[in-house]
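# Remarks on the overall topology
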Amino acid sequence: MEHMTRIASVNVNGIRAAARKGMAGWIETSGVDILTIQEVRGERAHLETVLPGWHILAEEAPQKGRAGVAIASREPSIAHRTGLGEGVDAQGRWLEADFQFGDRVVTVVSAYVHSGEVDTPKQEAKWVFLDAMVERLPQLGEFAVVTGDLNVGHREFDIKNWKGNVSRAGFLARERAYFDQFLTAAGEPVEGQVSTARGKVGELSDTRPFAAGRTGLGFVDVGRAFAGEVEGPFSWWSNRGQAFDKDTGWRIDYHLATPALAALVDSYRVDRYPSYDARWSDHAPVVADYSL
């Protein structure tokens, strides 16, 4: 028998801070069944305090107070995995959990991609991570969704002031080209940013072409599929100025689903806070209902 399963994802910008600012109130009213969390910046005990009675999987970062991902669920998972392979800085950034729904196994990923910084080791770590995602995504199975703060705005619709960010990490042509590959139909030649991802003046580490001849991985951007060709809906706002009040944001939090799972999405929303003072993170939860 099919039933609606609500999966939400949010970068909490520190679980303890989010708890102090009111995250528990959202949890109580959200109706979420599986919650993926990024930038936990804490320990398992902190998650258990905020989510009493939930089944919790946590992947801490090696550095205290940094990164960290988790998956909390009403029902236990049947298996879980961490990491993206040798040589990839993914500790505290990649966590997979398998859930049984009748005869279906659904894989849910909580991912926190490096923010990056042009011409620094931080950007090189981001390239390695994105390359590892290219390898891992096709292996996730028929029913899978990668959720989380992926730290890339894929298209111009995804960033309010995109023209001023084309040379900054998060909207580099080469970064966007990875998303072209994620979201192009499986096996089809990748177009869009790939053929022109030679970078711009000032993008020294982005000057080599994104590898030609890549083929699509076939994932579906659930948020864009439901919103259509419109600006946003944004999920992150800078704390500077009046970015939140003016909705000058970025859409960098995603549900990327396999076609089989995307076909089962009933609804999608961003739980934008009613006011700046009501925020418990600089990111808003992205929520989707799956008929499983």
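Right, let's walk through the structure included here. In this text, all values refer to a predicted model and were calculated from it rather than measured experimentally. Counting of residues starts from 1 at the beginning of each chain's written sequence and follows it residue by residue. In keeping with the predicted nature of the model, local features appear solely for residues at pLDDT of at least 70, side-chain atom pairs appear and are counted solely at 80 or more, and the whole-chain, interface and lining totals rest on all residues. Working from all heavy atoms in the structure, the side-chain values ignore hydrogens and water.

## Examining helix 4 (residues 121-136)
The line we're drawing: The helix and strand labels rest on DSSP assignments: H or I over at least four residues marks a helix, E over at least two residues marks a strand, and numbering proceeds from the N terminus. Every helix has an expected span of 1.5 Å times one less than the residues it contains. Relative accessibility decides the category of a residue: with a 1.4 Å probe and only protein chains considered, values under 20% of the type maximum give buried, values over 50% give exposed, and everything between is partly exposed. Should any heavy atoms of two residues lie within 4.5 Å, those residues are counted as being in contact.
Look at helix 4: 23 Å from first C-alpha to last across 16 residues, which is about the 22 Å you get at 1.5 Å a residue. All buried positions along helix 4 are accounted for by Gln123, Lys126, Trp127, Phe129, Leu130, Ala132, Met133, Val134 and Arg136. Looking at the buried side of helix 4, the elements it contacts are strand 5 (79-82), strand 6 (94-101), strand 7 (104-112), strand 8 (144-149) and helix 5 (173-183).

## Some details on the environment of Ala177
Here Ala177 lies in helix 5. A relative accessible area of 0% places Ala177 in the buried class. Residues Ala177 and Glu28, spaced 149 residues apart in sequence, show a C-alpha to C-alpha distance of 38 Å.

## Thoughts on unusual backbone geometry
A cis amide bond links Gly232 to the next residue, Pro233, at an omega of -5°. For Pro233, the location among the structural elements is in the loop between helix 6 (222-227) and strand 10 (236-237). Although it is not a glycine, Asn13 sits at a positive phi angle of roughly 55°. Tracing the backbone through its elements, the reader meets Asn13 in the loop between strand 1 (4-11) and helix 1 (15-21). Of note in the backbone geometry, Asn151 takes a positive phi value of approximately 55° without being a glycine. Inspection of the secondary structure puts Asn151 in the loop between strand 8 and helix 5.

## Comments concerning the sheet that holds strand 7
Rule in force here: Criterion used throughout: strands pair if DSSP finds at least two bridges between them. Angles shown run from 0 to 180 degrees and are taken between the N-to-C directions of axes, each axis being a line fitted to C-alpha atoms and, for helices, limited to the stretch in contact.
Strand order in the open sheet formed by six strands is 5-6-7-8-12-9, and the pairing between neighbours is mixed. The sheet is open, and its two borders are formed by strand 5 and strand 9 (220-221), each paired with just one other strand. Lying on the sheet, helix 4 is in contact with strand 5, strand 6, strand 7 and strand 8; it crosses strand 6 at an angle near 25°. Sheet strands in contact with helix 5 are strand 9 and strand 12 (253-257), and its direction is about 30° off that of strand 12.

## Comments concerning the nonpolar core
Rules: Here, nonpolar core means buried Ala, Val, Leu, Ile, Met, Phe, Trp, Tyr and Cys residues that are tied together by side-chain atoms lying within 4.5 Å of each other.
Counting residues in hydrophobic clusters, the biggest one holds 55 residues, and the most contacted among them are Met23, Leu35, Leu51, Leu261 and Tyr290. Leave out the neighbours within four places in its chain, and Leu51 touches Ile27, Leu35, Ile37, Ile56 and Ala72. Core analysis: the second largest hydrophobic core is formed by 28 residues, Phe129, Ala132, Tyr178 and Phe182 among them.

## Here we look at the pairing of strand 1
The side chains of a regular strand alternate between both faces of the sheet. With respect to burial, strand 1 is a largely interior element, six of its eight residues being buried. Two strands pair when backbone bridges link them, and strand 1 and strand 14 (residues 286-291) are joined in this way by six bridges, in the antiparallel orientation. Bridged to Met4 within strand 14 is Ser291.

## Here's the deal with the sheet that holds strand 2 (residues 34-38)
A sheet is described by the order of its strands in space; here six strands give the open sequence 3-4-2-1-14-13, paired in mixed fashion. Each edge of the sheet is formed by a strand with only one pairing partner; in this case those strands are strand 3 (55-59) and strand 13 (265-270). Mean inter-strand twist for the sheet, computed between neighbouring axes without regard to direction, equals 15°. Pairing of strand 13 with strand 14, which is carried by five bridges, proceeds in the antiparallel orientation. Among the inter-strand pairings, Val265 is bridged to a residue of strand 14, identified as Tyr290.

## Some remarks on the side chain of Asp289
Our working rule: Polar contacts, as used here, are pairs of N or O atoms within 3.5 Å; protein pairs need one atom able to donate a hydrogen and one able to accept it. Residues neighboring in sequence count only if both atoms are side-chain atoms.
Tracing the sequence through the fold places Asp289 in strand 14. Overall, the relative accessible area of 7% leaves Asp289 in the buried class. Looking at Asp289, its side chain comes within polar contact range of the side chain of Arg6, at 2.6 Å. Once residues within four sequence positions are removed from consideration, Asp289 is found in contact with Met4, Thr5, Arg6, Leu264, Val265, Asp266 and Ser267.

## Focus on the packing of aromatic side chains
What counts here: The rule is short: rings of Phe, Tyr and Trp, with Trp giving its six-membered ring, pair when the centres are within 6.5 Å, and they are stacked under 30 degrees, edge-to-face over 60, tilted in between.
Counted according to the given criterion, the structure contains ten aromatic pairs. Here the aromatic rings of Trp162 and Phe171 are separated by 6.5 Å at their centres, their planes lie at 55°, and the arrangement is tilted. Looking at Phe171, the relative accessible area reads 1%, which means it is buried. Ring plane angle 80° and centroid distance 6.1 Å describe the contact between Trp236 and Trp250, whose orientation is recorded as edge-to-face. Taken as a pair, Trp236 in strand 10 and Trp250 in strand 11 (residues 249-250) lie far apart in primary sequence, 14 residues in all. Judged by relative accessible area, Trp236 falls into the partly exposed class, the value being 22%. By relative accessible area, which is 13% here, Trp250 ends up buried.

## Examining helix 5
Of all eleven residues in helix 5, ten are buried, a share of seventy percent or more. All buried positions along helix 5 are accounted for by Ala173, Arg174, Glu175, Arg176, Ala177, Tyr178, Phe179, Asp180, Gln181 and Phe182.

It is worth stressing that arrangement in space is one thing and function is another; only the former is reported here.
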